[in-house]
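Structural description and commentary
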Amino acid sequence: FPVTIGKLYDYYLIGEIKPNAFEYTEFMQALRQMSPMDLCVIHVNSPGGSVHSGEQILSAMKDSEGYIIASIEGEASSMTTQICLNSDEVVTSDGSLFLVHNISAGAIGNMASISDTTAYLNKLNEHLAKTYDTFLTEEEKDRVKHGRDVVLFAEDVRKRLETFEYPRRKLREEMKEDRHEEEPLDLLEMIEGVIKNSVQDIGTLVNDSISKALSKYDLPIKQKPIRVKKVSTKVEVNNE
């Protein structure tokens, strides 16, 4: 949790996630504009909905530099569970419901198109299943894989969140490690460079000002005498 809070954003994800992702444009834009000191609380009470709209929201969350809290205040089912578990922190109210299951969709067309839809859904389910890797038990993951629902209540969700590996937290740690690997800046060298450049700039400005003043009033410019270095003319002769 950030020590210093900048702006606070409250967003209510209530009802079905609609297939028209345009309705979430303002929310996604706010996520991408957040600074590291900003906080966003997503108040959740949703049965899930469009996977594609949900995926775009997840993409905006991944790009966000702010701290995101998902507050389950009723129901978090299907695609909504993905949004919750891909935040920085999840809190649940008493009596809340958490439901995980495979993607369901209808297909119309010939055998080839139905086969293609099935293959696509299998790939999508595999992609989404990665989020639940450290949240569900092996038995529960097998149940979901075979098309059955896994229903959890507030107390059980809170217990699992204690050991859950949040993807966003892992991403933040990786970013920190990348920054540590970069060559550290020499602060003293930077300060010396700034001072040196400043002195040079001041000297140039002073010389320019003096030159302009002398030329304006047609004053003679006194030059220092040129010193000529003596050159020895003595020649040594070898009498050998």
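Structural notes, computed from the coordinates. Please read all numbers here as calculations on a predicted model, not as lab measurements.

What follows covers the pairing of strand β2 (residues 39–46). The buried fraction of β2 is high, at seven of eight residues. Summarising the sheet, strand β1 (residues 8–14) and β2 pair through seven bridges and their orientation is parallel. Within β2, the position partnered with D10 by the bridge is V41. Between the parallel elements β1 and β2, the chain passes through helix α1 (residues 25–33) in a crossover that is right-handed. The sheet contact formed by β2 and strand β3 (residues 67–77) spans seven bridges and is parallel. In the strand pairing of β3, C40 is matched with I68. Remark: the β2/helix α2 (residues 51–63)/β3 crossover connection has right-handed handedness.

Turning our eyes to something else, we now look at the packing of aromatic side chains. Applying the stated rule across the entire model yields four aromatic pairs. Both rings, one in F98 and one in F135, keep their centres 5.2 Å apart while their planes meet at 45 degrees; by these two values the pair is tilted. Taken together, the positions of F98 in strand β5 (residues 97–100) and F135 in the loop between α4 (111–129) and α5 (138–145) put the pair 37 residues apart, joining distant regions of the chain. Across the pair, F135 and F98 agree in class, each one buried. With centroids separated by 5.7 Å and ring planes inclined at 85 degrees, the aromatic side chains of F135 and F164 adopt a geometry described as edge-to-face. Taken as a pair, F135 in the loop between α4 and α5 and F164 in the loop between α6 (154–161) and α7 (167–181) lie far apart in primary sequence, 29 residues in all. Take F135: its relative accessible area is 4%, and that puts it in the buried class.

Moving on to unusual backbone geometry. For S78, which is not glycine, the phi torsion reads 55 degrees and is therefore positive. For S78, the location among the structural elements is in the loop between β3 and α3 (79–85). Given the relative accessible area of 19%, S78 is considered buried.

Attention now goes to the pattern of salt bridges. Evaluated as defined, the whole model comprises eight salt bridges. Across the pair D94 and R158 runs a salt bridge, and its minimum N-O distance is 2.7 Å. Highlighted residues: D94 in the loop between β4 (89–92) and β5 and R158 in helix α6, separated in sequence by 64 residues. Accessibility expressed as a relative area gives 66% for D94, which makes it exposed. For R158, a relative accessible area of 34% corresponds to the partly exposed category. Each of D133, E138 and K141 takes part in salt bridges that share partners, so that together they form one network.

So, on to α6. What α6 keeps buried is the set A154, V157, R160 and L161. Considered in projection along α6, the buried side chains sweep an arc of 130 degrees and stay on one side of the axis. α6 presents E155 and K159 as exposed residues on the side facing more than 90 degrees away from its buried surface. Against α3, β4, β5, α5 and β6 (150–153) lie the buried residues of α6.

By the secondary structure assignment, I17 is in the loop between β1 and α1. On the basis of relative accessible area, I17 is assigned to the buried category, the value being 0%. Residues I17 and H52, 35 residues apart in the sequence, show an inter-C-alpha distance of 9.5 Å. In contact with I17, other than residues within four places in its own chain, are Y24, S46, G48, G49, S50, S53, G54, M79, T80 and I83.

Reading the values: rules and limits
Residues numbered from 1 in each chain as written. Predicted model: local features only at pLDDT ≥ 70, side-chain atom pairs only at ≥ 80, totals over all residues. Heavy atoms only, no water. Buried < 20%, exposed > 50% of the residue type's maximum accessible area, 1.4 Å probe, protein only. Helix = DSSP H or I, 4+ residues; strand = E, 2+ residues; numbered from the N terminus. Pairing = 2+ DSSP bridges. Right-handed = clockwise from strand over helix to strand, strands pointing away. Phe/Tyr/Trp six-rings, centres within 6.5 Å; stacked < 30°, edge-to-face > 60°. Salt bridge = Lys/Arg side-chain N within 4 Å of Asp/Glu carboxyl O. Arc of directions from axis to C-beta. Contact = heavy atoms within 4.5 Å.

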